[in-house]
Amino acid sequence: MKYMLIMRSNDAAVEAYEQLDFEQVIAAMGAYNESLIKAGVLLGGEGLADAKEGFVVDFDATPPVVTDGPYGETKELFNGFWIIQASSPEEAAEWAKRCPLGPGSKLEVRRVNELEDFPQDNEWIQKEAGWRADSDAAIAEAASAAAERHAD
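Keep in mind the model is a prediction, meaning the values are calculated, not measured.

1. Section: helix α3 (residues 89-97)
Then comes step 1: Of the residues making up α3, those classed as buried are Ala-92, Trp-95 and Ala-96. Looking straight down α3, one finds its buried side chains confined to an arc of 100°; they lie on one side. Residues of α3 that are exposed and point over 90 degrees away from its buried face: Glu-90 and Lys-97.
Then comes step 2: On its buried side, α3 packs onto β1 (2-9), α2 (22-38), β5 (77-85) and β6 (105-112).

What follows is the structure, given as structure tokens:
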């Protein structure tokens, strides 16, 4: 099963982070990521740029309204994510608990739906399966071409 670990922090946690030594933060996150990689569970993950660079698309109106960051009052900011492969919710929770975050930060752990979770006779699910197969083939082809270039 795939799980997404969603990193969220409140304003106090963001302020505390800004006071930390950047090299220490990078080293701690790097060590955490390395442990995920060595265990073979990391499928992907990224940190996000400052909320000041973001925007929100609000669908309460027609047409939707776009609001630039920084946002007004924030209770929690979504700061990054990991996608991991785990055998159970308990294993995903164990990996989440190892993340080097401090007070005011949380990791929300959510199972990622797989195509198999949906009705297989649905036209759109069948199309999605085809798109994913095409995408996987294109990625494999690009990786092969890059390996050939690297070998030259």
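Picking up after the structure, the text goes on.
2. A word on a nonpolar patch on the surface
Then comes step 1: A surface patch of nonpolar side chains, about 410 Å² in accessible area, is lined by Tyr-17, Leu-20, Phe-22 and Ile-26.
Then comes step 2: Of note, Tyr-17 is situated in helix α1 (residues 11-19).

3. Let's talk about the environment of Trp-124
Then comes step 1: Here Trp-124 is to be found in helix α4 (residues 123-151).
Then comes step 2: Separated by 95 residues in sequence, Trp-124 and Met-29 place their C-alpha atoms 38 Å apart.

4. So, the sheet that holds β6
Then comes step 1: Strand order in the open sheet made by the four strands is β2-β5-β1-β6, with antiparallel pairing throughout. Two strands close off the open sheet at either side, each with one partner strand: β2 (42-47) and β6. Sheet twist, expressed as the average angle between the axes of neighbouring strands with direction ignored, equals 20°.
Then comes step 2: Pairing analysis gives eight bridges linking β1 to β5, with the strands arranged antiparallel. Counterpart to Tyr-3 in the pairing with β5 is Ile-84.
Then comes step 3: Against the sheet, α2 contacts β1, β2 and β5, and its axis sits at roughly 25° relative to β5.
Then comes step 4: Contacts between α3 and the sheet are confined to β1, β5 and β6, with β1 contributing the most and set at about 35° to the helix.

Basis of the calculations
- Residues numbered from 1 in each chain as written.
- Predicted model: local features only at pLDDT ≥ 70, side-chain atom pairs only at ≥ 80, totals over all residues.
- Heavy atoms only, no water.
- Buried < 20%, exposed > 50% of the residue type's maximum accessible area, 1.4 Å probe, protein only.
- Helix = DSSP H or I, 4+ residues; strand = E, 2+ residues; numbered from the N terminus.
- Arc of directions from axis to C-beta.
- Contact = heavy atoms within 4.5 Å.
- Patch = residues over 30% accessible without salt bridge, like charges linked within 9 Å, V, L, I, M, F, W, Y side chains within 5 Å.
- Areas by Shrake-Rupley, 256 points an atom, 1.4 Å probe, with all protein chains shown as cover.
- Salt bridge = Lys/Arg side-chain N within 4 Å of Asp/Glu carboxyl O.
- Pairing = 2+ DSSP bridges.
- Axes fitted to C-alpha atoms, helices over the stretch in contact; angles between N-to-C directions.

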